[in-house]
Structures are given as C-alpha cells and as structure tokens.
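Spelled out from the first residue to the last, the chains are:
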Amino acid sequence: MSKTTVPAIAGWYTMDAGNPHLIGTRCKECGSYFFPKLTTYCRNPACDSDEFEEVQLSNRGHVWSYTNASYKPPEPFIAADPFVPYAIAAVRLDHEKMIVLGQVVEGIGVENLKVGQEMRLVLETLHEDGDQTKVIWKWKPV
Amino acid sequence: MSQDIAILGVGMHPWGKWGRNFVEYGVAAARVALKDAGVAWKDIQFVSGAATMRCGYPGYVAGATFAQALGWNGCEVNTSYAACASGSQALAAARTKILSGQCDVALVIGADTTPKGFLAPAKGYRPEDPDWVRFYIGITNPTYFALYARRRIDVYGDTLEDFAAVKLKNAEHGSHNPNARYRKLFTREDVAASPMVADPLRLMDICATSDGGAAIIVSSLEYAKKIGKGNAPRIAAISTVTPAFANELVEMPDIATDSAAVVDARSFRAAVPAKAYEEAGVSPRDISLAEVYDLSTALELDWIEDLQLAPRGEAAKLLRAGDTRVGGRIPVNASGGLACFGEAVPAQALAQVCELTWQLRGQAEGRQVAHAKVGITANQGLFGHGSSVIVKK
Ligand SMILES: [Zn+2]
C-alpha cells in the first residue's frame, strides 16, 4: 500500500509537486511581505494597517548563505535512523527582498553550493509518519 | 550635566560547570565587588539583578533573591530580563536611578547555572511557535552562526585558518584570566581536528554554556568623589536599542527575515554600538579595546566591523596583522571572550564590563592592554536584544 503525501506544516506552502510556492501575506497598505503569514498588525513601523492578502512567494531566489547539520538535531526534529546529514540554505527572494531558510534537497552538500547561485523551491520528505509521508519545502540548485 | 556614572567595584565568581545554585555565584561575585569598591553592603541603596530563566522562580526575581541572600537591608530592588543583554539592562536601570538622583550607589548583579543537555522547545505539534518550527525542520542554534560564517568566506574571502586564529588568540588571552573556565592553549591542529558541527564551524569555533556570576558597584560621580574614588572608571554609554524594520539578518529563532520590499534593510548588530558611540560622544578611533560576544569565532570578526573598528569585510586583515591580540593596535576579547568563558547569559554582559574596568585600572595581569583609556562591549541575543557599554577613564 502506498503512503499518502501530506504537508508537514499545513497551509505554509502549496502542494503542487512540480511548482510549489511558499504562502505568505502582503500588507494591503505598504506592500511588505511576511512569511510565515502575518494577519494581525503590520510590522512596518511606518504602517498601521491590519489588512493583508495571502500571496504565493517567489519560488526562486539566490543563495545568501549555506551550511549543514552534521549532527542530529533535538526534538521535535524526527531523524531517519541512521541520521543522514543535510545541507541548509538561506535563500534571498529577489522580489520580496527577504531571506528564507530551508533544508537543501537530499544529495546536495555544501561542496555543491555557493553564495549567489540560483535555487528553486521543491517539496521533499521531512519524515515518515505511519502511512503518511510528510513533505516540507526545500531548496534545490537550478 | 554629566551623564556618566562611576564604577566603584567589580567582582566575579569564576566561570565553570560547578553545578551549584546560581545564587551562590551571584553572592560570591557581589562580595568581591563590594570589597573592591570599599562599600559596605548596608550602604547599597538599589540592587539591580539580571534574571535567569533556568533556575525557577528565584531566577525570575533575581534582584530580590540576591538581596535576600546578602541579608535584607531595606534597599530597593529591580530585576531585568533581556536575553544576552540582561546584565546591561540591569546596569541601565541602576544608571537611571543614579542619574535621576533617586539613589547614590547601587549593586548590579547577574549569575546563572546551566541546565544539563539541550534546551529543546516544549513538546507537541506547535507550528505557531517559530522556535518549534525551526527545530522541526532541522535548524539549530549553530545553523545561524554557520550561515554568518560561511558568508564571510564566500563574500570577504575569510578562511577556516582565520577562524582558527581567533580561537588561538582568545585561548591565549584567557589563559591569563583566573575567572575563565577554559585556560588551555590550542594549536591550529587541535582546531582542525575538532569535529565539524555546522560547516564551516567546528566544535571549537562555537562557545559553550557555563555557570558563573558577575557584579558591579556603580555610583554617582559625587558619591565616588566623597569616598575617595573620583578617578574610578566611568560608564559613558549604555545602548540597548532594538532592531529597526527591515532587519537584514535572519536571526534565531526565525526562519525568514523581514521583507525589505518597501523599506531598506538595516543591520541590527551595527545599530547597537552606533547608539553607544553617539551617547558617549566617542568615536571608534578612540577605542583602546573591545569585549565582543564571540558566540562563534567568525562572529568576533563580524563584531569588529559592526563596531567600526575595521571597514566591512576587513576584520580578518586586522586579525592576520595581530592587531586584535593583546599587544596589538586594538585588542579584542582580552578577557578570552566567550571562547574561554562559555556563556552564562545574565552574567555575561556584566563580565564584559568587569574586564574593561580591570583593563582601565591597569589590573589585568598577564593580559593588560597598555594605555587603555576607552573600552567598548557588544553583545546580541534573542528577540531583538542587544547591548553595548562604553567605559572610559
Ligand atoms: Zn504595512
């Protein structure tokens, strides 16, 4: 029996496997973007808006910096056994002018990364949970 | 009217992993500071404590806890919590009391006992908590420092050897500091052999957490003169500014930065000392030495630039030229820094001021910075907390 694929964090990204997007909000007054979604009061100190629209953020950007996790993080991280180290990228979205962290796809290590290189958003397994595969956004070199 | 206050006395309980109650470290540090100041405990009019979140209720009301342990003397108390800047905020509270004329002499104090193991977030499924989210997706504390460090390599051309050189320098400084936890010298080979935690940072590039306590006796300049300490070092500035939107760095525990789509991105780390310089009327060129928060070796290099002691991207040049070691042009972390102390959160910002005080008095035996006249501290912690203190002769 095949497992069903579900988001690890529901509502934070679209589930279209071929072309996923992070879901953020944009202030209707000043145009600032927020991720995770902000829906209460705008954080731009010059703006007193409390109205936001949900938007799909750019799913491409450029590496601001990168690292890896050589050791298993503590809970709530759910590690495969044995633990497989993974790379992490901080990617700057050009249009939104914000940096978003995420794991880098399996098989790509820090030796394959460089500040400034283009990355795109993909969905990949974060962990298995019974008969479900929980997927999360990850960054993949273009 | 002068906005300065006098530092009459400083004291510390040595940093370590002693496993005792934090109150013990704080009281020990306070007793040393009182003796150093020549001020009797009964004469202290205000106790300003830096809180610890790791030791239960007594830690939340640290000012009163220390006052009780020293023996209730009827003075007023305060407790401040501001992550890594807690000590500086406690110091700022004392300065406000003194400069407003509500008290003449105060005791500022911070101490901590570290817990065993990881400080993991609360359990359950809690995507509304950014700290929970980042651990869930595999982003730990070293991730952030590694991202900053890697950027220095790719953008400025810093090397792993530079980061190791920071470690070696601070270990050399700390080997002469009786209050430091780690007093061992290291070689480049030792650092290279230490395991990679978050590329490019190895275990030896990242600071530990420690038990420790620090205390400072501060007073009005009039009070200092009255007790014959008119020449005591002075606190000329305390900056505790928050970030300004849009904060350019991705900071623990967030997984994304502010958007700079409509407002320019700004550096928080640079803003913290900038306010201190302005307040003290001091320029970066006037600085004799700096104590900075080296949570990682590479972060010390970032701080050197944020303090405007080197142009952006050029801190490693100073390091390579030996400028930042004791005996160099602008010594950084003459105490040994966090590399040799390990972080004791509520005590750390005060420990930085203790070191500057000893340096300005010419009492930093074995690590003395010649002709030290003006020193600056800098630190930054979670949730928009940071501080910078300027001490001058
Ligand atoms: Zn707005």
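Residues numbered from 1 in each chain as written. Chains lettered and ligands numbered in written order. Predicted model: local features only at pLDDT ≥ 70, side-chain atom pairs only at ≥ 80, totals over all residues. Heavy atoms only, no water.

**Q** Please explain the overall build of chain B as it appears in this structure.
**A** Per the secondary structure count, chain B includes 14 helices and 11 strands. Its C-alpha radius of gyration of 20 Å places chain B within 12% of the 21 Å reference for a compact globule of 393 residues. Counting only C-alpha atoms, chain B reaches 55 × 50 × 45 Å along its principal axes. Across the 393 residues of chain B, 62% fall into the buried class. Carbon and sulfur atoms make up 53% of the accessible area of chain B, which amounts to about 14400 Å² in all. Side-chain charges of chain B comprise 40 positive and 40 negative groups, with the mean position of each set lying 5 Å from the other. (Helix = DSSP H or I, 4+ residues; strand = E, 2+ residues; numbered from the N terminus. Rg over C-alpha atoms; globule rule 2.2 N^0.38 Å. Buried < 20%, exposed > 50% of the residue type's maximum accessible area, 1.4 Å probe, protein only. Areas by Shrake-Rupley, 256 points an atom, 1.4 Å probe, with all protein chains shown as cover. Lys, Arg positive; Asp, Glu negative; His and termini not counted. Charge placed at Lys NZ, Arg CZ, Asp CG, Glu CD.)

**Q** So what exactly am I meant to see when it comes to the domain arrangement of chain B here?
**A** By a widespread convention, an interface's size corresponds to the accessible area lost as its parts come together. All names here are of chain B. Entries for chain B in the domain assignment read domain 1 (5-117 + 211-229) and domain 2 (141-203 + 236-392). Taken over C-alpha atoms, the centre of domain 1 sits 24 Å from the centre of domain 2. On the side of domain 2, 34 residues touch domain 1, which itself brings 40 residues to the contact. Buried area between domain 1 and domain 2, summed over both chains or domains, comes out near 2700 Å², and the portion from carbon and sulfur atoms is 69%. A salt bridge links Asp36 to Arg361; the shortest N-O distance between them is 2.9 Å. Where domain 1 touches domain 2, the interface holds seven residue pairs in polar contact (both at pLDDT 80 or more). Of all the secondary structure elements, the ones that give two or more residues to the side of domain 1 that touches domain 2 are strand 1 (5-16), helix 4 (86-99), strand 4 (105-112) and strand 7 (211-219). When residues of the side of domain 1 that touches domain 2 are assigned to their parent elements, the largest contribution, 10 residues, is made by strand 1. (Domains from an automatic or database assignment. Contact = heavy atoms within 4.5 Å. Buried area = accessible area lost by both parts, 1.4 Å probe. Salt bridge = Lys/Arg side-chain N within 4 Å of Asp/Glu carboxyl O. Polar contact = N/O pair within 3.5 Å; in protein donor to acceptor, adjacent residues only side chain to side chain.)

**Q** Please clarify how the state of the cysteines should be interpreted in this entry.
**A** Linking two cysteines covalently via their sulfur atoms produces the bond known as a disulfide. All names here are of chain B. With the rule as written, the count across this model stands at zero disulfides over all chains. Residue Cys84 stays outside any disulfide, its sulfur separated by 8.8 Å from that of Cys207, the closest cysteine. Take Cys207: its relative accessible area is 17%, and that puts it in the buried class. (Disulfide = S-S within 2.5 Å.)

**Q** What's the story with the coordination of the zinc ion in this structure? I'm lost.
**A** Donor atoms from the polypeptide that bind the zinc ion are A:Cys27 (SG), A:Cys30 (SG), A:Cys42 (SG) and A:Cys47 (SG), placed at 2.3 to 2.4 Å. Here the zinc ion is ringed by four donor atoms whose angles at the metal span 104 to 113°, and the overall shape comes out tetrahedral. (Donors = N, O, S within 2.8 Å, 3.2 Å for Na, K, Ca; no water. Tetrahedral: all angles 85-135°; square planar, octahedral: opposite > 155°, others 65-115°.)

**Q** What exactly am I supposed to notice about the sheet that holds strand 1 of chain B here?
**A** Strand-to-strand pairing in sheets goes through backbone hydrogen bonds, with the strands running parallel or antiparallel. Residue and element names in this part refer to chain B. An order of 3-2-4-7-1-8-11-10-9 is seen for the nine strands of this open sheet, with the pairing classed as mixed. Two strands lie at the open edges of the sheet, namely strand 3 (76-80) and strand 9 (289-292), each paired on one side alone. This sheet shows a mean twist of 20° between the axes of neighbouring strands, independent of strand direction. Of the strand pairs in this sheet, strand 1 and strand 8 (residues 234-239) are connected by two bridges, and their pairing is antiparallel. Residue pairing for strand 8: Ile5 is matched across the bridge by Ile235. Contacts from helix 4 reach strand 1, strand 2 (46-50), strand 3, strand 4, strand 7, strand 8, strand 10 (374-380) and strand 11 (386-392), with the element oriented near 160° to strand 2. Where helix 10 (residues 268-280) meets the sheet, its contacts fall on strand 8, strand 10 and strand 11, and the angle it forms with strand 8 comes to roughly 140°. (Pairing = 2+ DSSP bridges. Axes fitted to C-alpha atoms, helices over the stretch in contact; angles between N-to-C directions.)

**Q** Just checking my understanding: could you explain the packing of helix 10 of chain B against helix 11 (residues 297-306) of chain B for this structure?
**A** Each pair of packed helices can be summarised by the angle the axes make with each other and by the distance between the axes. Residue and element names in this part refer to chain B. Packing of helix 10 against helix 11 leaves a shortest axis separation of 9 Å and a crossing angle of 50°. When the interaxial angle is binned, helix 10 and helix 11 end up oblique. When you trace helix 10 past helix 11, the crossing you get is right-handed. Side by side, helix 10 and helix 11 meet where Arg269, Ala270 and Pro273 of the first sit next to Leu299, Asp302, Trp303 and Asp306 of the second. For the contact of helix 10 with helix 11, a count of residues per class yields four nonpolar, no polar and three charged. (Parallel < 35°, antiparallel > 145°, perpendicular 65-115°, else oblique. Left-handed = near helix turned anticlockwise from the far one by under 90°. Nonpolar A, V, L, I, M, F, W, Y, C, P; charged D, E, K, R; others polar.)

**Q** Sorry if this is basic, but what is going on with the environment of A:Phe52 here?
**A** Residues and elements named next belong to chain A. The topology assignment puts Phe52 in strand 4 (residues 52-56). Between the alpha carbons of Phe52 and Lys37 there is a distance of 9.1 Å; along the sequence they are 15 residues apart. Excluding anything up to four places from it in sequence, Phe52 contacts Thr25, Arg26, Cys27, Lys28, Phe34, Leu38, Thr39, Thr40, Tyr41 and Cys42.

**Q** It is not clear to me how the pairing of strand 7 (residues 98-104) of chain A should be interpreted in this structure. Could you clarify?
**A** For a regular strand, the rule is simple: side chains alternate between the two faces of the sheet. All names here are of chain A. In terms of burial, strand 7 is a largely internal element, seven of the seven residues being buried. Examined bridge by bridge, strand 6 (residues 86-93) and strand 7 share six bridges and lie antiparallel to one another. When the bridges of strand 7 are listed, Leu93 appears paired with Met98. What sits between the antiparallel neighbours strand 6 and strand 7 is a turn of four residues, in which Lys97 has the positive phi angle 50°. As judged from the two bridges shared by strand 7 and strand 9 (residues 132-141), these two strands associate in the parallel manner. What sits directly across from Val104, in strand 9, is Trp139.

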